[in-house]
Amino acid sequence: MRIAIASDHAATELKALLAEWLIDQGHQVADLGPDAGESVDYPDYGYKLAEVVAEGTVEFGVALCGTGLGISIAVNRNPACRCAVVSEQLSASFAREHNDANVIAMGARMIGTEQAKACLGTFLETQFAGDRHVRRVAKLGNPPTDPDHIETHQ
Ligand code: RB5
């Protein structure tokens, strides 16, 4: 698969390790930066990653910062992106199965490299379940303007 990866300064080491691991698994990886050693702002790299995912030149994005939180908030400001912060495999699996997440975010200060690889591997292997989730995921890309927008289903 084609995968883009980006981080802030807190996660450049994890970014390099995950990029290498993905290439070893046979994926094509676009490392959007930054290089180690520079202090940067996570929104800049979150927005950059989101643009690449939204263009459709990659299937998935990997967003990394100290906690995974800040960069995930930035990515999710792009309506084409569904970014889930995870620190364990069950969430990584449900992020794909129910939310059709196209970006995974993780925190380099929160989890170790092996756990990050396990979460990423699960994320990439898990298929979207479709069915009732299609309707819900479609709503994520189309926020309501009507205050009476709540639907119920049997
Ligand atoms: C950088 O120090 C840190 O704030 C950032 O990596 C991230 O954790 C923000 O959410």
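Right above here is the structure, for reference.
Only a predicted model underlies this, so the values are computations on that prediction, with no experimental measurement involved. (Residues numbered from 1 in each chain as written. Predicted model: local features only at pLDDT ≥ 70, side-chain atom pairs only at ≥ 80, totals over all residues. Heavy atoms only, no water.)

Trainee: Just give me the short version of the environment of V29, but keep the residues and values in it.
Mentor: Residue placement: V29 occurs in strand β2 (residues 28-31). Sequence separation between V29 and F60 is 31 residues; the distance between their C-alpha atoms is 10.0 Å. (Helix = DSSP H or I, 4+ residues; strand = E, 2+ residues; numbered from the N terminus.)

Trainee: Outline the pattern of salt bridges, supporting the account with residue identities and numerical values.
Mentor: In the structure shown here, the tally under the stated rule is seven salt bridges. The partner of R2 in a salt bridge is E59, and the shortest N-O contact between them spans 2.6 Å. Residue R2 is found in strand β1 (residues 2-7), and its partner E59 is found in the loop between α2 (42-55) and β3 (60-65); the two are separated by 57 residues along the sequence. A residue is classified by how much of its surface remains accessible, and E59, at 32% relative accessible area, is partly exposed. One connected set of salt bridges, linked through shared partners, spans R82, R96 and D100. (Salt bridge = Lys/Arg side-chain N within 4 Å of Asp/Glu carboxyl O. Buried < 20%, exposed > 50% of the residue type's maximum accessible area, 1.4 Å probe, protein only.)

Trainee: So, the pairing of β2: which residues are in play, and what are the values?
Mentor: Bridge count for β1 against β2 is four bridges, and the pairing is parallel. Bridge assignment links A4 to a residue of β2, and that residue is A30. For the crossover that starts at β1, traverses helix α1 (residues 12-24) and ends in the parallel β2, the hand is right-handed. (Pairing = 2+ DSSP bridges. Right-handed = clockwise from strand over helix to strand, strands pointing away.)

Trainee: Lay out the packing of helix α4 (residues 89-97) against helix α5 (residues 113-125) in plain terms, naming residues and giving numbers.
Mentor: For any two helices packed against each other, one specifies the inter-axial angle together with the distance between the axes. Interhelical geometry of α4 versus α5 gives an angle of 25 degrees and a closest axis separation of 8 Å. If you check the angle between α4 and α5, you find them roughly parallel. Handedness of the α4/α5 crossing: right-handed. Where α4 approaches α5, its residues Q89, A92, S93, A95 and R96 are matched on the opposing element by A118, C119, T122 and F123. A class-by-class count of the residues in the contact of α4 with α5 yields five nonpolar, three polar and one charged. (Axes fitted to C-alpha atoms, helices over the stretch in contact; angles between N-to-C directions. Parallel < 35°, antiparallel > 145°, perpendicular 65-115°, else oblique. Left-handed = near helix turned anticlockwise from the far one by under 90°. Contact = heavy atoms within 4.5 Å. Nonpolar A, V, L, I, M, F, W, Y, C, P; charged D, E, K, R; others polar.)

Trainee: Describe the nonpolar core, with residues and values.
Mentor: Within the largest apolar cluster, 24 residues are counted, with the highest numbers of intra-cluster contacts made by L18, V62, L64, I104, M106, L120 and F123. Elements represented by at least two residues in this core include exactly β1, α1, β3, α4, β5 (103-107) and α5. Once residues lying within four places of it in the same chain are set aside, the contact partners of L18 are I5, V62, L64, M106, A116, K117 and L120. Counting 18 residues, the second-largest nonpolar core is a separate cluster that includes A4, L32, V53 and A63. (Core = buried A, V, L, I, M, F, W, Y, C linked by side-chain atoms within 4.5 Å.)

Trainee: Can you explain the site of the ligand? Please cite residues and give values.
Mentor: As a matter of local geometry, the ligand sits amid D8, H9, A10, Y42, C65, G66, T67, G70 and R109. Take G70: an N or O atom from its main chain is 2.9 Å from an oxygen atom of the ligand. Protein contacts shield 71% of the accessible area of the ligand, which totals 290 Å² for the unbound molecule. A per-class count over the shell around the ligand returns three nonpolar, four polar and two charged. (Near = heavy atom within 4 Å. Polar contact = N/O pair within 3.5 Å; in protein donor to acceptor, adjacent residues only side chain to side chain. Areas by Shrake-Rupley, 256 points an atom, 1.4 Å probe, with all protein chains shown as cover.)

Trainee: Pulling in residues and values, what's your account of α5?
Mentor: For α5, spanning 13 residues, the distance from its first C-alpha to its last is 18 Å, which sits close to the expected 18 Å at 1.5 Å a residue. Buried residues belonging to α5 abut β1, α1, β3, α4 and β5. (Expected span 1.5 Å × (residues − 1).)

Purely spatial values, then, with no claim about function.
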